[in-house]
Amino acid sequence: MRILVVEDDAVLRGVMLRSLTDAGHRVDAAATVAEAGHFWSIQPFDAVLLDLNLPQDAAPASPMGSGLAVLRAARARGDRTPVLVLTARDRTEERIAGLDAGADDYLGKPFDLAEVEARLRALVRRTQGADDRTRAGGLVLDRRARRFTLQDAPFELPAREFEVLWELMTPPGRVVSKRTLSDKLSGFDDLLGDNALEAFISRLRKKLQGSGAGIRTLRGLGYMLEAGAPGDAPPEAA
């Protein structure tokens, strides 16, 4: 998943960043209202982990925590990214305010990092309306276990190829733009160009040969994973 962590405490932010990154996620981090609003407005995320009590830069503080302003702005522009709000365990009014502003779930501090990841996965599954397992030909994605199998055998991939195939499999049969894939795989200081993305697609096509699934290129639109397609690269659509 591509996750935005919004937390002003540098130590906690660093711990969450390392934990989620070690779990295989692409993570961006923000510490202020301005950073959070900027990142969230220019980059699509699978989930947002949001602390409500953020420094407001030069703006006056909100009595309920300035993270609410970031959340409300996202919802106002129609952004439905799943949001897990972090609150002080004894601040019931914070939890209510976050949920009323459009948060999908909340977790009180202190929290267990394993629970954070589990809740984020559950939110994304619920938002996508997806089952834990998705199949395309002989290729199966188990979201809960975060693994692929091919013809009932483990299908191991390097991290970025894994993320490309994950995006194409959620669900298979939908068109995924080059921009979407590049954004998923790029950090703000690590942009992924078209040539690099095409190289990942090419390697995946070769690895999927004989699987009963293939990646089709749709000119001007992006890529689509098709069940029942030949394992080698299908012809490009006109």
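From a predicted model like this one, the values you see are computed outputs, not experimental measurements.

Moving on, we get to the environment of Arg133. Inspection of the secondary structure assignment puts Arg133 in strand 6 (residues 133-136). In this structure, the C-alpha to C-alpha distance between Arg133 and Arg147, residues 14 residues apart in sequence, is 9.9 Å. Residue contacts for Arg133: discarding those within four places in its chain leaves Val140, Leu141, Asp142 and Arg143.

A word on the confidence of the model for the protein. Where the model shows low pLDDT, its predicted coordinates should not be examined in detail. Residues with a pLDDT of 70 or more make up 84% of the protein, whose mean pLDDT is 81. Segment residues 58-64: pLDDT under 50, and seven contacts once partners within four positions in sequence are set aside and those in other chains are kept. Low pLDDT (under 50) marks residues 230-238, which in the prediction has 21 contacts with non-local residues, meaning those over four places away or in another chain.

The full count for this structure, using the stated rule, is 12 salt bridges. Residue Arg203 is joined to Glu161 by a salt bridge in which the shortest nitrogen-to-oxygen separation is 2.9 Å. Residue Arg203 is found in helix 8 (residues 194-207), and its partner Glu161 is found in helix 6 (residues 159-168); the two are separated by 42 residues along the sequence. Given a relative accessible area of 37%, Arg203 falls into the partly exposed group.

What counts and what doesn't
- Residues numbered from 1 in each chain as written.
- Predicted model: local features only at pLDDT ≥ 70, side-chain atom pairs only at ≥ 80, totals over all residues.
- Heavy atoms only, no water.
- Helix = DSSP H or I, 4+ residues; strand = E, 2+ residues; numbered from the N terminus.
- Contact = heavy atoms within 4.5 Å.
- pLDDT = per-residue confidence, 0-100.
- Salt bridge = Lys/Arg side-chain N within 4 Å of Asp/Glu carboxyl O.
- Buried < 20%, exposed > 50% of the residue type's maximum accessible area, 1.4 Å probe, protein only.

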